[in-house]
Amino acid sequence: MKSCVPAGSARTFGIVPVMDDKAILHTYLRTRRQDLLGKLEGLSEYDVRRPLTPTGTNLLGLVKHVASVELGYFGEVFGRPSELKLPWFADDAEPDADMWAAPGETREQITELHRLSAAHSDATIEDLPLDAPGVVPWWPDERKQVTLQQILVHMCVETAHHLGHADILRELIDGSAGQRQGDPNLSPRTAEGWAVHRARIEAAAVAAEAGAAGRQYGR
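Residues numbered from 1 in each chain as written. Predicted model: local features only at pLDDT ≥ 70, side-chain atom pairs only at ≥ 80, totals over all residues. Heavy atoms only, no water.

Novice: Just checking my understanding: could you explain the packing of helix α3 (residues 59-74) against helix α4 (residues 107-127) for this structure?
Specialist: Geometry of a packed helix pair, given as the angle between the helix axes and the separation of the axes. α4 packs onto α3 with a crossing angle of 30 degrees between their chain directions and a minimal axis gap of 9 Å. As far as their axial angle goes, α4 and α3 are roughly parallel. The two elements α3 and α4 meet at a crossing, and its hand is left-handed. Contact with α3, carried on its side by Leu60, Val63, Lys64, Ala67, Ser68, Glu70, Leu71 and Phe74, involves Arg107, Ile110, Leu113, His114, Ser117, Ala118, His120, Ser121, Thr124 and Ile125 of α4 and no other residues of that element. For the contact of α3 with α4, the per-class residue count stands at nine nonpolar, six polar and three charged. (Axes fitted to C-alpha atoms, helices over the stretch in contact; angles between N-to-C directions. Helix = DSSP H or I, 4+ residues; strand = E, 2+ residues; numbered from the N terminus. Parallel < 35°, antiparallel > 145°, perpendicular 65-115°, else oblique. Left-handed = near helix turned anticlockwise from the far one by under 90°. Contact = heavy atoms within 4.5 Å. Nonpolar A, V, L, I, M, F, W, Y, C, P; charged D, E, K, R; others polar.)

Below is the structure:
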């Protein structure tokens, strides 16, 4: 029997609401977006911008990148381009300019871009069915034909991927860890407890290395 429940809505059996597939994916995407933005909270201008890996990964750049690519995937791909102009994608832009904040770009401008990108994407998600067709012009010909469902999954993965980067960067900056304050997936240890835990892991790594060296030389 075909369901008469509108796409994007929740069905209710008894008192327990059951979300449809699009609503579930959309909820995951919205949550990951907010978690990513939350990694900027309480940090200085320097700390949100400074590179913390050899390839230059930084918190504000991650927010800028995710907002930028989401505009493309939920805009151009489905024939719904945004009016926002992103100069860092121009042919003469510096390499990887979407992955860091230039001196003239403020934190407020980038977080506002993230908000506008999310609103534009949400409109596409709400207006189209999961099987709506789209074309990703920057993908190879053999896989550029997509659906809204595929792009929703892609952007959930993309955003979670970069949220993982941001989680590690934030921990390197000030020790803050977890997806958000009070994250139940993070063990409730004190700073001293984490130091003991880290030392235990370090000792295990040293012991494993020594054991591997011993086996290599037949000891």
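Novice: What should I look at first to understand the confidence of the model for the protein chain in this one?
Specialist: Detailed reading of the predicted model is not advised wherever pLDDT is low. Counting all residues, the mean pLDDT for the protein chain is 88, and 88% of those residues have values of 70 or more. Confidence drops under a pLDDT of 50 for residues 1-10, and excluding neighbours within four residues, the segment shows eleven contacts in the predicted structure. (pLDDT = per-residue confidence, 0-100.)

Novice: What is the right way to look at α3 in this model?
Specialist: Note: α-helices contain 3.6 residues per turn, so residues at a spacing of three or four share the same orientation. Between its terminal C-alpha atoms α3 stretches 23 Å, which fits the 22 Å expected from 16 residues at 1.5 Å a residue. For α3, the tally of buried residues reaches 16 of 16 residues, placing the bulk of the element in the interior. (Expected span 1.5 Å × (residues − 1). Buried < 20%, exposed > 50% of the residue type's maximum accessible area, 1.4 Å probe, protein only.)

Novice: How should I be thinking about the nonpolar core in this particular structure?
Specialist: Formed by 18 residues in total, the largest nonpolar core has its most connected members in Tyr73, Phe74, Leu148 and Ile151. Those elements giving two or more residues to this core turn out to be α1 (21-38), α3 and α5 (148-174). The biggest single contributor to this core is α5, with five residues. The contact partners of leucine 148, leaving out residues within four places of it in the chain, are Lys22, Phe74, Phe78, Thr124, Ile125, Leu128, Pro129, Leu130 and Ala132. (Core = buried A, V, L, I, M, F, W, Y, C linked by side-chain atoms within 4.5 Å.)

Novice: Even after reading the chapter, I still don't get the packing of aromatic side chains, so can you show me in this structure?
Specialist: Two aromatic rings, taken as a pair, are described by how far apart their centres are and by the angle between their planes. Across all of its chains, the model carries two aromatic pairs by this definition. Taken together, a centroid distance of 5.2 Å and an interplanar angle of 70 degrees make the contact between tyrosine 73 and tryptophan 138 edge-to-face. One end of the pair, tyrosine 73, is in helix α3; the other, tryptophan 138, is in the loop between β3 (133-135) and β4 (145-147), and 65 residues separate them in sequence. Note on tyrosine 73: relative accessible area 7%, which makes it buried. Residue tryptophan 138 is classed as partly exposed on the basis of its relative accessible area of 42%. Aromatic rings pair up to connect Tyr73, Trp138 and Trp139 into one cluster. Seen from the ring of tryptophan 139, arginine 143 lies directly overhead, with NZ or CZ sitting 4.7 Å from the centre. (Phe/Tyr/Trp six-rings, centres within 6.5 Å; stacked < 30°, edge-to-face > 60°. Lys NZ or Arg CZ within 6 Å of the ring centre and 35° of its normal.)

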